[in-house]
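Report on the structure
Here is how the chains run, residue by residue.
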Amino acid sequence: MIALLSSVIPVALIVLMGFYAGKTLELDQPTLSRVVLYVLSPALIVDSLYRTTMNTENMLGIFAGFILTYLLLCLLVWVVGKQFSLSPATQKSLLATTSFPNTGNLGLPVNLFAFGEAGLERAIVYLIASSLVTFSTGPAFLKGGSFWSGLRFTLKLPLIWAMVFGVLLRLFGSELPFKLDQGLHLVAQAAVPIALLLLGMQIANSTWQFSPYEGAASFMRLVVGSVVAYLSGKLLGLTGLDLQVLVLQSSMPAAVNSFLMVNEFGGDAPRTARVVVASTLLGFVTLPVVIWAIADL
């Protein structure tokens, strides 16, 4: 039980500090968000890929596990939408909140505290996979645009080029001169705490109006997402830490990006924002249960 709480309480404490800062300080959240997106997260990806001890088979397994989980969740949302005659806007919102988990701001630190550096490495591979797939297909699903327009959008993301640079460093065994790797590592270490503080600030400035839909959509993201990931991982033959990280990352609350994409490309933006907040708060209840359930995988 102590180990279980140790995986969640530090994360919750930092989020609570961010919540307090969001209520008491006048901070420029969009600027902080851009710093995390364009500076700290890319540094974390490059640093992790540069230092990782994972082999290619592990990386491909997690990548394939995410893709299968993502496709099955999209199919499930389509079935639910037809079954309950959801409006097109509501169905788009449900697709976004169900298919886009918060694998960065929350997923990385939870995996780090739960499974250590090895878990963080695998969580970053999941983050890269989710960024590639959701940002290339999400706009097409929500707006009805082409795959290529989504792909062009994806190629503008610094996370993708950070991945390319990190992979090249790993493939060629290049060592950074003048202790640049230490500087990179120092910047990378700032990504997790600042992302958690930002998450707390976003919760502090969110509206608090919930209905049965928010509860059902949160259940889809937190519980159904983890079950589908477990089945996908078993189908692909994943075991041990690879399967644990796949399930835990897929158990994360809805990402803030789901609201941003719905707001930009189509859907019910206010309802999406409420699901992001509701699933995040409920996640601090469900995540310890998931960590306990996957402990012996």
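Cut-offs used in this document
Residues numbered from 1 in each chain as written. Predicted model: local features only at pLDDT ≥ 70, side-chain atom pairs only at ≥ 80, totals over all residues. Heavy atoms only, no water. UniProt positions renumbered as here; feature names shortened; annotations may be inferred. Helix = DSSP H or I, 4+ residues; strand = E, 2+ residues; numbered from the N terminus. Buried < 20%, exposed > 50% of the residue type's maximum accessible area, 1.4 Å probe, protein only. Axes fitted to C-alpha atoms, helices over the stretch in contact; angles between N-to-C directions. Left-handed = near helix turned anticlockwise from the far one by under 90°. Contact = heavy atoms within 4.5 Å. Nonpolar A, V, L, I, M, F, W, Y, C, P; charged D, E, K, R; others polar. Patch = residues over 30% accessible without salt bridge, like charges linked within 9 Å, V, L, I, M, F, W, Y side chains within 5 Å. Areas by Shrake-Rupley, 256 points an atom, 1.4 Å probe, with all protein chains shown as cover. Salt bridge = Lys/Arg side-chain N within 4 Å of Asp/Glu carboxyl O.

Naming follows an unreviewed UniProt entry, where the protein chain appears as AEC family transporter of Planktothricoides raciborskii GIHE-MW2. Under Sequence similarities (unreviewed entry), UniProt gives the following word-for-word description of the protein chain: "Belongs to the auxin efflux carrier (TC 2.A.69) family."

**Remarks on unusual backbone geometry**
The backbone of Ser 85 sits at a positive phi, close to 50°, despite the residue not being glycine. Of note, Ser 85 is situated in the loop between α3 (56-83) and α4 (88-99). On the basis of relative accessible area, Ser 85 is assigned to the exposed category, the value being 63%. One non-glycine residue with positive phi stands out, namely Lys 179, at about 60°. Relative accessible area serves as the criterion here: at 59%, Lys 179 is assigned to the exposed category.

**Some words on the packing of α3 against helix α11 (residues 240-250)**
Orientation of α3 relative to α11, taken along the N-to-C sense of each, is 35°, at an axis distance of 10 Å. Note on packing geometry: the crossing formed by α3 with α11 is right-handed. On α11, the residues that touch Asn 58, Ile 62, Gly 65, Phe 66 and Thr 69 of α3 are Asp 242, Leu 246 and Ser 250. The residue makeup of the contact of α3 with α11, split by class, is three nonpolar, four polar and one charged.

**Notes on a nonpolar patch on the surface**
On the surface, Leu 155, Trp 161, Val 164, Val 167, Leu 168, Leu 171 and Phe 172 cluster together into a nonpolar patch covering about 700 Å² of accessible area. By secondary structure assignment, the location of Leu 168 is in helix α7 (residues 158-172). Take Leu 168: its relative accessible area is 40%, and that puts it in the partly exposed class.

**Observations concerning the environment of Gly 237**
Along the chain, Gly 237 turns up in the loop between α10 (212-235) and α11. According to the relative accessible area criterion, Gly 237 is exposed, its value standing at 52%. Between the C-alpha atom of Gly 237 and that of Glu 57, which follows or precedes it by 180 residues, the distance is 12 Å.

**With respect to the UniProt feature "transmembrane region" (unreviewed entry) in the protein chain**
The positions that UniProt labels "transmembrane region" (unreviewed entry) are, in the present scheme, residues 31-50, 62-81, 123-142, 154-172, 184-204, 216-233 and 275-295. Annotation note: span residues 184-204, helix share 95%, strand share 0%, distance between end C-alpha atoms 31 Å. Helix makes up 100% of residues 216-233 and strand 0%, and the two end C-alpha atoms of the span are 24 Å apart.

**Focus on the environment of Gly 173**
The residue Gly 173 is located in the loop between α7 and α8 (180-189) in this model. Residue classification places Gly 173 among the exposed positions, given a relative accessible area of 55%. Sequence spacing of Gly 173 and Lys 82 is 91 residues, and the spatial spacing of their C-alpha atoms is 51 Å.

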